[in-house]
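# Understanding the architecture of this molecule
Each chain, letter by letter, is given below.
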Amino acid sequence: MRPAHVCLAVLVAAVWGVNFVVIEVGLDHFPPLLFSALRFLVAALPAVFFVGRPKVAWKWIVGVGLVLGVAKFGLLFIGMDAGMPAGLSSLVLQVQAVFTGVFAFLALGERPGRVRVAGMVIALGGIAVAAVDEGGTGPLTAFALLMGAAACWGVSNVLTRKASPPDSLNFMVWVSTVPVLPLLALSLLFEGPSRDLAALRSLDWQGAGIIVYVAWVTTVFGFGAWGYLLRRHPASTVAPFSLLVPVFGMSSAALALGESVSGLRWCAAALLVGGVALASLGGVGVGARLVRRSGSPGVTGVHGRGPAVPEAAPHPRTSASRTPSTATPPSSPR
């Protein structure tokens, strides 16, 4: 890769990693489901009027929009609102690589090679260590919600590879139009119209800046730049840069939010990142090669996020608990 492209890949990873800090701050301004709905609304408008018509079938746009936008981001935002720390969230979501491999095997017949299986096992070991660490310092329910978000991300990765969009920015902008109404409906149902209206009425420049960052910087710019790199370099060259996301996420959370990083968490990070690296870079088995030769695309992770320049939260809270919320995790949703 040219030095400029390396810098761009690192910048995207930094944007996506720091985004977890922005989400953490944003959850002090908005209920989680409303926050997620606003993120996709601003990501879709006005960009949808400039990216052209969808380049894939609507079934893929709707499918990815529901699984990635509603389920994955709904669970992510609810989990972080329930007390999951920003830095740990950026780390745990990387287990999506394991879920992607499993779902690719079930849906596409891709059989992972021994190196990839070893990487998945190591990554799961990292998740187990992280769960032990979180169990001693925070709510395991929030941890479970993040695991659910990672699983939904894995499903959306497989759907995205089946869709094989020729233009990732066009695809992501159109996908962003799908979750808005379902998330708004879920917010009204579980968070209540009075809470939503109160959040919108109290919108200030900090809240508006947070929405712009998670929508335009992490979604529009992040996916656009990532797609630009993937069109010019092999996925095996670009994908490893996504392993920098939890590095930026954990370090920015420690610097901006004062999150402590325990020895167990560092151990979990080493196991998870190392395992994901093996799973991402390790060769696939014969089944995967046969699938590729037959014309079906392989599966690679779709990295984003989510989604900043950290700012002080207006309401005090701890990483393990937040001001009580009227929202309860819906059975269907990120």
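The structure reproduced in this document is the subject of the present report. (Residues numbered from 1 in each chain as written. Predicted model: local features only at pLDDT ≥ 70, side-chain atom pairs only at ≥ 80, totals over all residues. Heavy atoms only, no water.)

### Considering unusual backbone geometry
- The residue after Leu45, namely Pro46, is reached through a cis peptide bond having omega 5°.
- Relative to the elements of secondary structure, Pro46 occurs in the loop between α2 (32–44) and α3 (58–81). (Helix = DSSP H or I, 4+ residues; strand = E, 2+ residues; numbered from the N terminus.)

### Quick look at the environment of Phe30
- Take Phe30: it is sitting in the loop between α1 (3–26) and α2.
- Assessed through its relative accessible area of 2%, Phe30 is described here as buried.
- Sequence-wise, Phe30 and Ala198 are 168 residues apart; in three dimensions their C-alpha atoms are separated by 9.0 Å.
- Excluding anything up to four places from it in sequence, Phe30 contacts Phe35, Leu38, Ala199, Leu203, Gly207 and Ile211. (Buried < 20%, exposed > 50% of the residue type's maximum accessible area, 1.4 Å probe, protein only. Contact = heavy atoms within 4.5 Å.)

### A short note on a nonpolar patch on the surface
- Taken together, the side chains of Leu41, Leu45, Phe49 and Phe50 present a nonpolar region at the surface, about 470 Å² in accessible area.
- Take Leu45: its relative accessible area is 41%, and that puts it in the partly exposed class. (Patch = residues over 30% accessible without salt bridge, like charges linked within 9 Å, V, L, I, M, F, W, Y side chains within 5 Å. Areas by Shrake-Rupley, 256 points an atom, 1.4 Å probe, with all protein chains shown as cover. Salt bridge = Lys/Arg side-chain N within 4 Å of Asp/Glu carboxyl O.)

### Things to note about the packing of α3 against helix α9 (residues 180–190)
- Their axes nearest at 9 Å, the elements α3 and α9 cross at an angle of 35°. In terms of crossing hand, the pair formed by α3 and α9 is right-handed. For the pair formed by α3 and α9, the contact residues are Leu66, Gly69 and Val70 on the first element and Pro182, Leu183 and Leu186 on the second.
- For the contact of α3 with α9, the residue count by class is five nonpolar, one polar and no charged. (Axes fitted to C-alpha atoms, helices over the stretch in contact; angles between N-to-C directions. Left-handed = near helix turned anticlockwise from the far one by under 90°. Nonpolar A, V, L, I, M, F, W, Y, C, P; charged D, E, K, R; others polar.)

### Quick notes on helix α7 (residues 140–163)
- Over its 24 residues, α7 extends 35 Å from the first C-alpha to the last, a length consistent with the 34 Å expected when each residue adds 1.5 Å.
- One or two positions beyond α7, positive phi appears at Ser164, with a value near 50°. (Expected span 1.5 Å × (residues − 1).)

### As for the packing of aromatic side chains
- This structure, assessed with the given rule, holds eight aromatic pairs.
- An angle of 20° between the planes, with centres 6.1 Å apart, marks the rings of Phe99 and Phe103 as stacked. With Phe99 and Phe103 both in helix α5 (residues 96–108) and four residues apart, this pair spans about one turn of that helix.
- Using a relative accessible area of 23% as the deciding quantity, one classes Phe103 as partly exposed.
- Three or more aromatic residues joined by ring pairs form one cluster here, namely Phe30, Phe35, Phe40, Phe73 and Phe77.
- Sitting above the plane of the Phe73 ring, Lys72 keeps its charged end 4.1 Å from the centroid.
- Sitting over the ring of Trp153, Lys72 keeps its end group 3.8 Å from the ring centre. (Phe/Tyr/Trp six-rings, centres within 6.5 Å; stacked < 30°, edge-to-face > 60°. Lys NZ or Arg CZ within 6 Å of the ring centre and 35° of its normal.)

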